Amino acid sequence: MPVARRPKFSPSSLELLEGRTLLNGSQLARVAAAHPAAVTLLTASAIKTDPGAAAAITSALRGGIGSEWATLIRKQVRNPLAVVRSFSTNQASTYTVNGLTFRTPAAQPAFTGRAYDQLLPTAAGAAVFKRNVFELAAVMRGEFRNPETSYYVFALDRGAGARLGPTFASRPGITPDALVTITVGPYGSSASGTIRDLSDGSTQSIDPARIKIQGATLRVFLDTGQVPSRGAALAQYRFSMWTQTQPGSDLANVAGFAPDSTMVRIAVLKNVAARR
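Draft legend 1. Molecular detail of the overall build of the protein. A count of helical and extended segments in the protein gives six helices and 16 strands. Sequence-distant contacts in the protein: of pairs separated by 6 or more residues, those separated by 24 or more amount to 67%. Summed over its atoms, the accessible surface of the protein is roughly 11,200 Å², and 52% of this surface lies on carbon and sulfur atoms.

And the structure:
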């Protein structure tokens, strides 16, 4: 059953960052969480302010690349318009269901770097689709324009997370046993990835062809065999996601979390195909 989390309130407005006006997280979340007709909630002028994020979401809602997530939303969110209203009226700044989390993008307090748009997650997801494709995805606040290398970590708990403990002492609810780390070059010029199994210390590379960056969206396609169970059934896996400017577990280098301090159960929709 969908569970809305409301840790804080955030104004629904246009925000100024990096010298241009951008859609804030509540506007993106209400579009992503609603029926495709909700695309009309974005005015023409609003779309122009953040073409990458808006294009990615509208394409998915209309059946294009990433439409599997729109299918997941329709299955998981029973009353999309209520979610829209909760963000629009400042009653919520986060919303989470199995496989997906939405949030108003903001830098976490301990971050000491520059909060580029591509470091601030608006949505993150983890789901298994047809042919055992395990897709990890995130929509950032804006397109990949950071002039420096940045890192995107999808943390997975496959059953051994509680035994291994939290990655960050100040966030005891985030207890992964595997880290999928995507390294993105300056201005989104390149992308590479690794899967580190924290339970045995092994690391495997991800085929770069299975990492897709389009506009403000990052998507990673794995096989379920690349992230084998460490005690939990596949449908019981949990995930969280964060961005950082340097590898490691120093919070000063972590720009944003999705969600902030916990992990979310993944979704399993083996009758839905991932659109690449």
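Draft legend 2. How the structure looks around the pairing of strand β13 (residues 238–244). Taking burial as the measure, the seven residues of β13 include six buried ones, the bulk of the element. As defined by bridge partners, β13 adjoins strand β15 (residues 264–265) across two bridges and the pair is classed as antiparallel. Bridge pairing in β15 places Phe239 opposite Val264. In terms of strand pairing, β13 meets strand β14 (residues 254–258) through four bridges, oriented antiparallel. The partner of Gln244 across the bridge, within β14, is Val254.

Draft legend 3. Layout of the packing of aromatic side chains. In total, this model carries five aromatic pairs according to the counting rule given. Look at Trp69 and Phe129: their rings are 5.4 Å apart centre to centre, the planes differ by 85°, and that puts the pair in the edge-to-face class. In this pair, Trp69 sits in helix α4 (residues 67–76) while Phe129 sits in strand β5 (residues 121–129), placing the two residues 60 residues apart along the sequence. Where Phe168 meets Trp242, the ring centres are 5.0 Å apart and the plane angle is 80°; that geometry is what we call edge-to-face. On the criterion of sequence distance, the pair formed by Phe168 in the loop between α6 (161–164) and β8 (178–184) and Trp242 in strand β13 is long-range, its members being 74 residues apart. Judged by its relative accessible area of 2%, Trp242 is buried. Taken together through their ring pairs, the aromatic side chains of Phe168, Trp242 and Phe257 make up a single cluster.

Draft legend 4. View of the pattern of salt bridges. Applying the stated criterion across every chain, the model contains 10 salt bridges. The partner of Arg103 in a salt bridge is Asp260, and the shortest N-O contact between them spans 2.6 Å. Taken together, the residues span a long stretch of sequence, with Arg103 in strand β4 (residues 100–103) and Asp260 in the loop between β14 and β15 at a distance of 157 residues. What makes Arg103 buried here is its relative accessible area of 4%. Residue classification places Asp260 among the partly exposed positions, given a relative accessible area of 23%. For Glu135, the salt bridge goes to Arg219, with nearest N and O atoms at 2.8 Å.

Draft legend 5. Fine view of the nonpolar core. The biggest cluster of nonpolar side chains holds 33 residues, and the ones touching the most others in it are Phe134, Leu136, Tyr152, Val180, Ile182 and Leu222. Looking at this core, the elements with two or more residues in it are β5, β6 (133–140), β7 (150–157), β8, β12 (217–223), β13 and β14. With sequence-adjacent residues up to four places away left out, Tyr152 is seen in contact with Gln118, Leu119, Met140, Phe144, Val180, Thr181, Ile182, Val184, Leu218, Met241, Trp242 and Thr243. Tyr95, Leu100, Ala137 and Ala267 belong to the second largest nonpolar core, which has 20 residues in total.

Draft legend 6. Inspection of the environment of Thr224 at higher detail. Summarising the element assignment, Thr224 is placed in the loop between β12 and β13. The exposure class of Thr224 is buried, given its relative accessible area of 19%. Taking C-alpha positions, Thr224 is 5.8 Å from Asn132, a pair spaced 92 residues apart along the chain. Among residues more than four places away in sequence, those in contact with Thr224 are Val128, Asn132, Phe134 and Leu234.

Draft legend 7. The confidence of the model for the protein, seen in detail. Mean pLDDT over the protein works out to 80, with 75% of the residues at or above the 70 mark. This stretch, residues 1–50, has a pLDDT under 50; its non-local contacts, to residues over four places away or in other chains, come to 116 contacts.

Draft legend 8. Just the layout of surface pockets, in detail. Put simply, the second largest pocket is a space of about 270 Å³. For the second largest pocket, the lining is made up of 14 residues, of which Leu179, Thr181, Arg196, Gln244 and Gly248 are closest to its centre. Put simply, the parts of the chain that give the lining of the second largest pocket at least two residues each are β7, β8, β9 (191–197) and β13. Looking at the lining of the second largest pocket residue by residue, the classes come out as seven nonpolar, six polar and one charged.

Draft legend 9. Focus on α4. The element α4 is extensively covered by neighbouring structure, given that seven of its 10 residues are classed as buried. All buried positions along α4 are accounted for by Ser67, Glu68, Trp69, Ala70, Leu72, Ile73 and Gln76.

Here is what the cut-offs are and how they apply
- Residues numbered from 1 in each chain as written.
- Predicted model: local features only at pLDDT ≥ 70, side-chain atom pairs only at ≥ 80, totals over all residues.
- Heavy atoms only, no water.
- Helix = DSSP H or I, 4+ residues; strand = E, 2+ residues; numbered from the N terminus.
- Contact = heavy atoms within 4.5 Å.
- Areas by Shrake-Rupley, 256 points an atom, 1.4 Å probe, with all protein chains shown as cover.
- Buried < 20%, exposed > 50% of the residue type's maximum accessible area, 1.4 Å probe, protein only.
- Pairing = 2+ DSSP bridges.
- Phe/Tyr/Trp six-rings, centres within 6.5 Å; stacked < 30°, edge-to-face > 60°.
- Salt bridge = Lys/Arg side-chain N within 4 Å of Asp/Glu carboxyl O.
- Core = buried A, V, L, I, M, F, W, Y, C linked by side-chain atoms within 4.5 Å.
- pLDDT = per-residue confidence, 0-100.
- 1 Å grid on protein atoms, 1.4 Å probe; cavity = no way out; pocket = protein on both sides within 12 Å on 5 of 7 lines; lining within 4 Å.
- Points joined across faces, edges and corners; volume = space filled by probe spheres on them.
- Nonpolar A, V, L, I, M, F, W, Y, C, P; charged D, E, K, R; others polar.

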